[in-house]
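Each chain, written out:
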Amino acid sequence: MTWGTYSTYLIIAVLLVVAPGPDTLVLLRNGLAGGRRGGVLAGAGILVGNLVQGSAAALGLGVLIARSQVLFEILRWAGVAYLAVLAVQALRGAVRGDYSAVENVTRRRGAGVRRFREGFLSNVTNPKVLVMYLSVLPQFLTPGVTTTLDALVLAYTVGILGAVWLGLLLLVVHRVRDWLSRRRVRRTVDAVTGTALLGFGVALASE
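Per chain, residues are indexed from 1 in the order of the written sequence. For this predicted model, a pLDDT threshold of at least 70 governs which residues receive local features, and a threshold of 80 or more governs which side-chain atom pairs are given and counted, while totals over whole chains, interfaces and linings are taken from all residues. Side-chain numbers come from the whole structure's heavy atoms, not from hydrogens or water.

## With respect to the nonpolar core
Link 1 in the chain: Of all hydrophobic cores here, the largest spans 19 residues; its most connected members are Tyr9, Tyr133, Leu137, Leu154 and Val158.
Link 2 in the chain: Broken down by secondary-structure element, the contributors of at least two residues to this core are helix 1 (3-18), helix 2 (22-58), helix 7 (127-136) and helix 8 (148-175).
Link 3 in the chain: Definition of nonpolar core: a set of buried residues of the types Ala, Val, Leu, Ile, Met, Phe, Trp, Tyr and Cys, connected through side-chain atoms within 4.5 Å. Think of it in three bands: residues with accessible area under 20% of the maximum for their type are buried, residues over 50% are exposed, and the middle band is partly exposed, with areas taken using a 1.4 Å probe on protein chains only. By size, the runner-up hydrophobic cluster in this structure holds 9 residues, among which are Val26, Val80, Ala87 and Leu204. Counting from the N terminus, the helices are the DSSP runs of H or I reaching at least four residues and the strands are the DSSP runs of E reaching at least two.

## Quick notes on the environment of valine 14
Link 1 in the chain: Tracing the sequence through the fold places valine 14 in helix 1.
Link 2 in the chain: On a C-alpha basis, the gap between valine 14 and valine 172 in space is 19 Å, while along the polypeptide they are 158 residues apart.

## A few points about the confidence of the model for the protein
For residues with low pLDDT, the predicted coordinates do not support detailed interpretation.
Link 1 in the chain: Each residue carries a pLDDT value, the predictor's own confidence for that position, ranging from 0 to 100. Confidence in the prediction of the protein, expressed as mean pLDDT, is 82, and 91% of residues score 70 or more.
Link 2 in the chain: The secondary structure element of the protein with the lowest average pLDDT is helix 5 (residues 102-107), at 51, and the one with the highest is helix 6 (residues 111-124), at 90.

## Considerations on the pattern of salt bridges
Link 1 in the chain: Whenever Lys or Arg places a side-chain nitrogen within 4 Å of a carboxyl oxygen from Asp or Glu, that contact is recorded as a salt bridge. Considering all chains together, one arrives at 3 salt bridges under this definition.
Link 2 in the chain: Ionic pairing is found between glutamate 73 and arginine 76, a salt bridge with its closest N-O pair at 2.7 Å. With glutamate 73 and arginine 76 both in helix 4 (residues 69-96) and 3 residues apart, this pair spans about one turn of that helix.
Link 3 in the chain: When its relative accessible area of 22% is taken as the criterion, glutamate 73 is described as partly exposed.
Link 4 in the chain: Arginine 114 is paired through a salt bridge with glutamate 118; the nearest N and O atoms lie 3.4 Å apart. Highlighted residues: arginine 114 and glutamate 118, both in helix 6, separated by 4 residues, approximately one helical turn.
Link 5 in the chain: With relative accessibility at 28%, the residue arginine 114 sits in the partly exposed group.

## Overview of the environment of glutamate 118
Link 1 in the chain: Since its relative accessible area comes to 6%, glutamate 118 is described here as buried.
Link 2 in the chain: Considered as a pair, glutamate 118 and isoleucine 46 are 72 residues apart in the sequence and their alpha carbons are 8.2 Å apart.

## Remarks on the packing of aromatic side chains
Link 1 in the chain: For this analysis, a ring pair means two rings from Phe, Tyr or Trp (six-membered ring only for Trp) whose centres lie within 6.5 Å, classed as stacked if their planes differ by under 30 degrees, edge-to-face if by over 60, and tilted for the remaining angles. On inspection of all chains with the given rule, the structure shows 2 aromatic pairs.
Link 2 in the chain: Taking the centre distance of 6.5 Å and the plane angle of 25° together, the rings of tyrosine 6 and tyrosine 9 count as stacked. Residue tyrosine 6 and its partner tyrosine 9 are located together in helix 1, separated by 3 residues, close to a single helical turn. Tyrosine 9 shares its class with tyrosine 6; the two are buried.
Link 3 in the chain: Judged by centre distance (5.2 Å) and plane angle (80°), the rings of tyrosine 9 and phenylalanine 140 are edge-to-face. One end of the pair, tyrosine 9, is in helix 1; the other, phenylalanine 140, is in the loop between helix 7 and helix 8, and 131 residues separate them in sequence.
Link 4 in the chain: Looking at tyrosine 9, the relative accessible area reads 1%, which means it is buried.
Link 5 in the chain: Classification of phenylalanine 140 as buried rests on a relative accessible area of 15%.

## Some words on the side chain of threonine 24
Link 1 in the chain: With respect to the helices and strands, the residue threonine 24 is situated in helix 2.
Link 2 in the chain: Relative accessible area serves as the criterion here: at 12%, threonine 24 is assigned to the buried category.
Link 3 in the chain: The contact criterion used throughout is that any non-hydrogen atoms of two residues lie within 4.5 Å. With residues near it in sequence (within four places) discarded, threonine 24 still touches Ala19, Leu166 and Leu169.

## Remarks on helix 1
Link 1 in the chain: For helix 1, with 16 residues, the first-to-last C-alpha span of 22 Å sits near the 22 Å given by 1.5 Å per residue.
Link 2 in the chain: Those residues of helix 1 that sit buried are Tyr6, Tyr9, Ala13 and Val17. Down the axis of helix 1, the smallest arc covering the buried residues is 75°, so these residues share one side. Seen from the open side of helix 1, the exposed residues pointing more than 90 degrees away from its buried face are Ile11 and Leu15. A helix is expected to span 1.5 Å multiplied by its residue count minus one. Throughout, the arc means the angular range of directions from the helix axis out to the C-beta atoms.

Shown next, in the form of structure tokens:
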């Protein structure tokens, strides 16, 4: 794999990473509710999910899942169900508008694990991430020439770039958190987030 090939891959990877999706919304919501720590934990979960899916694609497991209608459908509907759960939580928060106990919930035992889990599941149950790997990676792999290590490097590049991008978003959220924490703004954010997550779920279900 040459540097020219890798540079081309980097450009495509950056474009894929900055495109908004469920991962972005999950990170922003956790960053707002749980502060910097909550956002970092959600981002760590997203990164691990990305690395799991990237590894599956690079090692050939992703192809088996994509070719198995049953496995792919199970993964797809698991993703739909989880997006629906997150959407309902956000919309319920928007309707109630009660954020007085946010800090206490953030410190509650298990809150960190929950935020990591939300990030991980939002990514690993999204078959679109796996399909992205399976559609992009082969374009940069040469049978009999490209090694497994090369494939893993390409796959992990997306995960690392994604983590950097989400980290930058988290910094922005942290800087304007006081404004975003206003009740009216917070309810609007939850409403938009819930609606968008629901939209992603409907789009995933209709494919």
